[in-house]
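A structural walkthrough
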Amino acid sequence: MNIETIWKRMKEFEGETFYTVTGLPYRYDFIDENKIQPIRDGDGKWILSKNLFEKALLLIHGSKKEFNHRIIGSSYVYGILTDNRINN
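Residues numbered from 1 in each chain as written. Predicted model: local features only at pLDDT ≥ 70, side-chain atom pairs only at ≥ 80, totals over all residues. Heavy atoms only, no water.

**Considering the sheet that holds strand β2 (residues 25-32)**
Sheet architecture is open: four strands sit in the order β1-β2-β3-β4, paired in antiparallel fashion. Two strands in the sheet have a free side with no partner beyond their single neighbour: β1 (18-19) and β4 (48-49). Of the strand pairs in this sheet, β1 and β2 are connected by two bridges, and their pairing is antiparallel. Along β2, the bridge assignment pairs Phe18 with Tyr26. Of the strands in this sheet, β1, β2, β3 (35-39) and β4 are in contact with helix α4 (residues 74-81), which crosses β2 at around 95°. (Pairing = 2+ DSSP bridges. Helix = DSSP H or I, 4+ residues; strand = E, 2+ residues; numbered from the N terminus. Contact = heavy atoms within 4.5 Å. Axes fitted to C-alpha atoms, helices over the stretch in contact; angles between N-to-C directions.)

**Concerning the packing of aromatic side chains**
Counted according to the given criterion, the structure contains seven aromatic pairs. Centre to centre, the rings of Trp7 and Phe53 are 5.6 Å apart; their planes meet at 70°, and the pair counts as edge-to-face. Within this pair, whereas Trp7 is found in helix α1 (residues 3-12), its partner Phe53 is found in helix α2 (residues 50-59), the two being separated by 46 residues in sequence. Considered together, Trp7 and Phe53 belong to a single accessibility category, that of buried residues. Each ring, one from Phe67 and one from Tyr78, has its centre 5.7 Å from the other, and the planes form 80°; the classification is edge-to-face. Within this pair, whereas Phe67 is found in helix α3 (residues 64-70), its partner Tyr78 is found in helix α4, the two being separated by 11 residues in sequence. Judged by relative accessible area, Phe67 falls into the buried class, the value being 3%. (Phe/Tyr/Trp six-rings, centres within 6.5 Å; stacked < 30°, edge-to-face > 60°. Buried < 20%, exposed > 50% of the residue type's maximum accessible area, 1.4 Å probe, protein only.)

**Notes on the packing of α2 against α4**
At a minimum axis distance of 11 Å, the contact between α2 and α4 shows a crossing angle of 70°. With respect to α4, the element α2 is oriented roughly perpendicular. Only Val77, Ile80 and Leu81 of α4 make contact with α2, whose side of the interface consists of Leu52, Phe53, Ala56 and Leu57. (Parallel < 35°, antiparallel > 145°, perpendicular 65-115°, else oblique.)

**Section: the nonpolar core**
Formed by 23 residues in total, the largest nonpolar core has its most connected members in Met10, Tyr28, Ile36, Phe53, Val77, Ile80 and Ile86. Among the elements of the structure, α1, β2, α2 and α4 are those that each provide at least two residues to this core. (Core = buried A, V, L, I, M, F, W, Y, C linked by side-chain atoms within 4.5 Å.)

**Description of unusual backbone geometry**
Most peptide bonds take the trans form, and the phi angle of most residues other than glycine is negative. Look at Asp41: it is not a glycine, yet its phi comes out positive at around 55°. As for its position among the elements, Asp41 is in the loop between β3 and β4. Of the residues examined, Asp41 reaches a relative accessible area of 73% and is grouped as exposed.

Right, here's the structure in full:
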């Protein structure tokens, strides 16, 4: 799956509940056409770019340790990219 398809699906499910790897619920809002902000417990710590998600797509099937070290907000990114609403 390519980043354009994933980004379009992410727009469709903006504001819905997603889950981190450890099962913590969060949602995300689009800040602009190329950035989202995950929000958990009313707090938005990260701003994640479309380019970051594109980079994550190249790493997602590799080492989880490398993914976690190279992707900012990896738990949120992984949660979105592995969700059936986004990747099917």
